[in-house]
Amino acid sequence: MPREKFSTLTEQMFYVLLALTEECCGMDIMAKVGKITEGRVAVGSGTLYNLLEQFSDEGIISETKTEGRRRSYILTQKGSDLLQREYDRIVLQAQDYNRVIEGDTAYDTARNTEKDTEKSVQPLGLSPAY
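Everything numeric here is computed off the predicted structure, so don't read it as measured data.

K.L.:
Report on the overall build of the protein chain, specifying residues and quantitative values.
P.N.:
Looking only at helices and strands, the protein chain has five helices and three strands in total. In sequence order, the protein chain lays out its α and β elements as α-β-α-α-β-β-α-α. Out of the 130 residues belonging to the protein chain, those deemed buried represent 24%. Considering only intrachain contacts with a sequence separation of at least 6, the fraction spanning at least 24 residues in the protein chain is 50%.

Here's what the structure looks like:
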């Protein structure tokens, strides 16, 4: 079964949508992404205009004005909801990371139970991956 389009976002997608919480054109989006990420993420013009077309086709952003070849866009409610869902997903990933790395006791108990189960059921004599 194919994955639903935009069910998760790439880093570039996330930052393009974040930049579009305010109306801006393509060049402004590229500059804002660089500023927001302190240069960690760059979006090339080919990637950006491809994303803008896809986001527009899906109703995630809307074109607000055209001045010659310069087009401005802004996030729609659908886009805002998508951005929020992605943020929530990323926060959950960070929480999972913290539980594992910081040694959350509930996680450790569950993990130890899984290891005990794996020790008792070793298919083909293979050891667990961790």
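Still to come is the rest of the account.
K.L.:
Please provide a residue-by-residue account of the pattern of salt bridges, values included.
P.N.:
Applying the stated criterion to the full structure yields four salt bridges. Between Lys-32 and Glu-22 there is a salt bridge, with its nearest N and O atoms 3.2 Å apart. With a gap of 10 residues between them, Lys-32 in helix H2 (residues 26-36) and Glu-22 in the loop between helix H1 (11-19) and strand E1 (24-25) connect regions that are remote in the sequence. Residue classification places Lys-32 among the partly exposed residues on the basis of a relative accessible area of 22%. Glu-86 is the partner of Arg-89 in a salt bridge, and the nearest nitrogen-oxygen pair spans 2.6 Å. With a gap of three residues between them, Arg-89 and Glu-86 both fall in helix H4 (residues 77-102), about one helical turn apart.

K.L.:
Break down the sheet that holds strand E2 (residues 61-67) for me, citing the residues and quoting the values.
P.N.:
Across the sheet, which stays open at both edges, the three strands sit in the order E1-E3-E2 with antiparallel pairing between neighbours. In this open sheet, the two edge strands, each paired with only one partner strand, are E1 and E2. Pairing of E1 with strand E3 (residues 70-75) involves two bridges; the strand directions are antiparallel. Directly across from Cys-25, in E3, lies its bridge partner Ser-72.

K.L.:
Residues and numbers for the environment of Leu-75, please.
P.N.:
In this fold, Leu-75 is placed in strand E3. The sequence separation of Leu-75 and Phe-55 amounts to 20 residues, and the corresponding C-alpha distance is 9.2 Å. Apart from the residues within four sequence positions on either side, Leu-75 is in contact with Leu-17, Leu-20, Thr-21, Ile-60, Ile-61, Ser-80 and Leu-83.

K.L.:
Account for the packing of aromatic side chains, naming residues and giving values.
P.N.:
Inspection of the entire model under this criterion finds two aromatic pairs. Ring centres of Phe-14 and Tyr-15 lie 5.3 Å apart, and the angle between their planes is 85°; this geometry places the pair in the edge-to-face category. Overall, Phe-14 belongs to the buried group, its relative accessible area being 12%.

K.L.:
For helix H3 (residues 45-57), give the residues involved together with the corresponding values.
P.N.:
The end-to-end C-alpha distance of H3, which contains 13 residues, comes to 18 Å, matching closely the 18 Å that a straight helix rising 1.5 Å per residue would cover. Within H3, the full set of buried residues consists of Leu-48, Leu-51, Leu-52 and Phe-55. The buried side chains of H3 occupy one side of the element, clustering within an arc of 105° when seen end-on. The exposed set on the far side of H3, more than 90 degrees from its buried face, consists of Gly-46, Glu-53 and Asp-57. Considering only its buried residues, H3 is in contact with H1, H2, E2 and E3. In the segment just after H3, Gly-59 is the residue with positive phi, at about 75°.

K.L.:
Explain the environment of Tyr-73 to me, using residue names and the numbers behind them.
P.N.:
With respect to the secondary-structure elements, Tyr-73 resides in strand E3. With relative accessibility at 7%, the residue Tyr-73 sits in the buried group.

Procedures and definitions
Residues numbered from 1 in each chain as written. Predicted model: local features only at pLDDT ≥ 70, side-chain atom pairs only at ≥ 80, totals over all residues. Heavy atoms only, no water. Helix = DSSP H or I, 4+ residues; strand = E, 2+ residues; numbered from the N terminus. Buried < 20%, exposed > 50% of the residue type's maximum accessible area, 1.4 Å probe, protein only. Contact = heavy atoms within 4.5 Å. Salt bridge = Lys/Arg side-chain N within 4 Å of Asp/Glu carboxyl O. Pairing = 2+ DSSP bridges. Phe/Tyr/Trp six-rings, centres within 6.5 Å; stacked < 30°, edge-to-face > 60°. Expected span 1.5 Å × (residues − 1). Arc of directions from axis to C-beta.

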